[in-house]
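Residue-level listing of the chains:
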Amino acid sequence: MDRAKPRVRPRTDDDVEACVRALAAVHHRDGYPVNWPARPGEWLAPDAALGSWVAELDGRVAGHVSLSRAGEGDLAPALWSERDGTSRERAAVVGRLFVAPRARGHGIGALLMGRAVEEARHRGLHPVLDVVASDAAATALYERLGWTRLATVEQRWSADQVVTVHCYSA
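Source: prediction; values computed, not measured.

*Asks:* Requested: an account of the overall build of the protein, with residues and values cited.
*Replies:* The number of helices and strands found in the protein is five helices and seven strands. Its helices and strands taken in sequence order, the protein reads β-α-α-β-β-α-β-α-β-α-β-β from the N to the C terminus. The globule rule puts the C-alpha radius of gyration for 170 residues at 15 Å, and the 15 Å found for the protein is close to it. Viewed in the frame of its principal axes, the protein has a C-alpha envelope of about 50 × 40 × 30 Å. Here the protein holds 170 residues, and the buried ones make up 45% of them. Look at the contacts in the protein between residues 6 or more apart in sequence, and 62% of them connect residues 24 or more apart. When the accessible surface of the protein is summed, it comes to about 9,100 Å², and 48% of that surface belongs to carbon and sulfur atoms.

In structure tokens:
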């Protein structure tokens, strides 16, 4: 039996609705993102975005990833720059990565990560990311792909929410 072959391409405005539906399925099943955004379509496109991509499987959006400049809440860029002895601005943050539950088992997460890393390197930037420690599947993916855990830290997300976060570098 032939397995469907996923493909990765730049995200377009026409993809946002399908991305939000896939994200809702991921949130329902896995709890990602931890806090559901008030405007999920906008959440998928951070202000400092350098690019966003979707994976398609059988002609349907099956996953998503973004690459952006370091933001105020990103911990990995500072940890990487301290360790590497270079500027935090040389880091690019991989984020908003998810694969629809119906599309798992096709290597889509690795394909999306590969595309984000390729874009970071093309721009002369070093890919890093933060992930909540409770997301064991994501952590396993990053480590399987050879990413290095820089640290595990407690991060205050609000007055009544502290989250344990793993910080990674490609």
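*Asks:* Any chance you could break down the packing of aromatic side chains for me, citing the residues and the numbers?
*Replies:* Throughout the structure, instances matching the rule amount to three aromatic pairs. The lysine or arginine in question, arginine 96, covers the ring of tryptophan 43, its NZ or CZ lying 4.1 Å from the ring centre.

*Asks:* Explain the nonpolar core to me, and be specific about the residues and the numbers.
*Replies:* Where a protein is soluble and globular, its nonpolar side chains tend to be buried together. In this structure, Val94, Ile108, Leu112, Met113, Leu129, Tyr142 and Trp147 are the most contacted members of the largest nonpolar core, which totals 26 residues. Those elements that provide at least two residues to this core are strand E2 (49–57), strand E3 (60–69), strand E4 (91–99), helix H4 (108–122), strand E5 (126–132) and helix H5 (136–144). If one sorts the elements of this core by residue count, H4 sits on top with six residues. With near-sequence residues (within four places) excluded, tyrosine 142 lies in contact with Leu97, Met113, Leu129, Val131, Trp147 and Tyr168. Within the second largest apolar cluster, 14 residues are counted, among which are Ala18, Ala22, Val54 and Ala100.

Reading guide: rules and limits
Sequence order as written defines the numbering, with residues in each chain counted from 1. Two thresholds apply to this predicted model, a pLDDT of at least 70 for residue-level local features and 80 or more for giving and counting side-chain atom pairs, whereas whole-chain, interface and lining totals are computed over all residues. Hydrogens and water molecules were not included; the side-chain quantities draw on all heavy atoms of the structure. Comment: elements are numbered from the N terminus, with helices defined as DSSP H or I runs of at least four residues and strands as E runs of at least two. Each radius of gyration is computed over the set of C-alpha atoms, and the globule rule expresses the reference value as 2.2 Å times the number of residues to the power 0.38. For each residue, the accessible area found with a 1.4 Å probe, counting protein chains only, is set against the maximum for its type, and the residue is called buried under 20%, exposed over 50%, and partly exposed in between. Here a residue-residue contact requires only that any non-hydrogen atoms of the pair lie within 4.5 Å. Here the accessible surface of atoms and residues is derived via Shrake-Rupley with a 1.4 Å probe, and residues count as covered only by protein chains that are part of the display. Pairs were defined over the aromatic rings of Phe, Tyr and Trp, the Trp ring being its six-membered one, requiring ring centres within 6.5 Å. Orientation was assigned from the angle between planes: stacked under 30 degrees, edge-to-face over 60, tilted for the rest. By definition here, charges over rings are those cases where NZ of Lys or CZ of Arg is within 6 Å of the ring centre and within 35 degrees of the ring normal. We call a set of buried residues a nonpolar core when its members are Ala, Val, Leu, Ile, Met, Phe, Trp, Tyr or Cys and they connect through side-chain atoms within 4.5 Å of each other.

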